[in-house]
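# Architecture at a glance
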Amino acid sequence: MKTKFTVNGKGISVHFSPTDRLLDVLRNYGFTEVKEGCRDGECGACVVLLNGKLVNSCQVLAASAMDGNVVTVKGLAGDKAAPIQEAFVDAGAVQCGFCTPGMVLATYALLRENPEPDTGEIRRALDGNLCRCTGYVKIIQAVQLAAERTKHHE
Amino acid sequence: MEQLNWYYPENLNEAARLVKDGDKAPHSGGTALIRRGFRGIRSIVDLSRLPMNGIEVQGEKIEIGAMCSYSEIIHETGAVFPGHVLVQSLKNSASTPLRNRITAGGSVAAFPAWSDLIGPLLLLNAKVELMGRENGIFSLPEYLLRRELRAGSLITRILMKNYPHIGLHYRETRTQVDYPAFTVTVIAAPAGRNGVFQNLRIAVVGNRERFRRLTELETALNGKLFSHLDNLNIDNYFPVEFPDRKHGSGEYLKHAAEVALKDMLNLIAGGKS
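Residues numbered from 1 in each chain as written. Chains lettered and ligands numbered in written order. Predicted model: local features only at pLDDT ≥ 70, side-chain atom pairs only at ≥ 80, totals over all residues. Heavy atoms only, no water.

### Topic: the overall build of chain A
- Counting its regular elements, chain A contains 5 helices and 5 strands.
- Walking chain A from its N terminus toward its C terminus, one meets helices and strands in the order β-β-α-β-β-β-α-α-α-α.
- Oriented by its inertia axes, the alpha-carbon framework of chain A measures out at about 45 × 30 × 25 Å.
- The buried share among the 154 residues of chain A stands at 51%.
- Of the contacts made within chain A by residues no fewer than 6 positions apart, 56% connect residues no fewer than 24 positions apart.
- Entry remark: accessible area of chain A is about 6,900 Å², with carbon and sulfur atoms responsible for 49%.
- Both charge centroids of chain A, one from 17 positive and one from 17 negative side chains, sit 4 Å from each other. (Helix = DSSP H or I, 4+ residues; strand = E, 2+ residues; numbered from the N terminus. Buried < 20%, exposed > 50% of the residue type's maximum accessible area, 1.4 Å probe, protein only. Contact = heavy atoms within 4.5 Å. Areas by Shrake-Rupley, 256 points an atom, 1.4 Å probe, with all protein chains shown as cover. Lys, Arg positive; Asp, Glu negative; His and termini not counted. Charge placed at Lys NZ, Arg CZ, Asp CG, Glu CD.)

### Examining the overall build of chain B
- Per the secondary structure count, chain B includes 11 helices and 12 strands.
- The C-alpha atoms of chain B give 19 Å as radius of gyration, which agrees with the globular expectation for 273 residues (19 Å, within 12%).
- In terms of its C-alpha atoms, chain B occupies a principal-axis envelope of roughly 60 × 45 × 30 Å.
- When burial is assessed residue by residue, chain B has 56% of its 273 residues classed as buried.
- Put simply, 60% of the contacts in chain B that link residues at least 6 apart link residues at least 24 apart. (Rg over C-alpha atoms; globule rule 2.2 N^0.38 Å.)

### A closer look at the pattern of salt bridges
Residues and elements named next belong to chain B.
- This model, assessed by the stated rule, comprises 21 salt bridges over all chains.
- For D178, the salt bridge goes to R174, with nearest N and O atoms at 2.8 Å.
- Its relative accessible area of 48% is what places R174 among the partly exposed residues.
- Each of E56, K61, E63, E129 and R157 takes part in a single network of salt bridges with overlapping partners. (Salt bridge = Lys/Arg side-chain N within 4 Å of Asp/Glu carboxyl O.)

### Regarding the pairing of strand β3 (residues 43-46) of chain B
All names here are of chain B.
- The side-chain alternation of β3 yields two buried faces, one formed by S43 and V45 and the other by I44 and D46.
- Relative to β3, strand β1 (residues 5-7) runs parallel, the two being bridged by 3 bridges. Note on β3: the bridge partner recorded for Y7 is V45.
- Relative to β3, strand β2 (residues 25-27) runs parallel, the two sharing 3 bridges. Across the sheet, residue H27 finds its bridge partner in β3, namely D46. (Pairing = 2+ DSSP bridges.)

And the structure:
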């Protein structure tokens, strides 16, 4: 099959088989910041924004995302993501870093809808992202810090 | 692998025509198809371009387009009625990125044993609108029980009445992100009306029969004072059996479901949700 995706603002033509998952197509075309974890929709390492919504790319059939607009963590680079990325570093919320792209995207999706989330709302928003290194205390602190900084950034 | 064709209908009539023969698998964007695998499937009908994604919450009526995601249901229904049983059940279902993909229609059509949607819909007397081989509006239990309704037809909308209620939803899971072994859903008229159970409805999903309304227990409690609960042996009104699952034996799950139900009824009697 052949289609066009817009990935991080740029149109790309892609070929894939009818059963391929969006995760595999993205990685095959060089977007290796989209991490492959469980392939079962449970770990959140592969999340991307598809047409503005946070989704597990391992649970999306590429053929069902035809002409879709995809944003990976690299597509967030710039002023919108900087406070989130810096907050994760400053809060010590990154260890091996494998889950971090997903965490940053989930945080971005949360703060876009809800700029001042409470702890419960943060936990719920990140409930699809697993971290096997740090635990979650520092990650939640990072999101709180990012919310604070994003508020001042605007 | 055999050739697999995708179809992208632009309107409902075209989609209905495509699925009518029952040899093409509809795909609404959720996880059912990936989990099922592609064995035996030669054609897939992608429903994402169809106009089936609105939610109307108006007074006593809720209409959910089949392509509405769990997240949209939580957001739209919750904006009007934060304590709605659909909000209570779906907000803990799956995870945020999956709730953004799983659709109401796909979830009803696939009806996995761990469904968090079916219990609330049963209690709200939901109906499904079908197009394809079957056309018309059918009660949810009828749709779930009659296999011939599911083959060759698309769910286009889910319709239900909206009752003022306290809604409680219990999921038997080992961890927060686990699939539930079963769910118990209870709704009742808001507490405070003379300490009496009113419009109490109870559903269990994931049991041997797949789902069950506990109508005998509802009858035994509706119109009775909350204190009646103290003298009622719920075991006598719980004719529900469970298969053994990874979560525990059938016997254990039955006991867990009864305990959960007692706690939920006590919460309603205490006026909390």
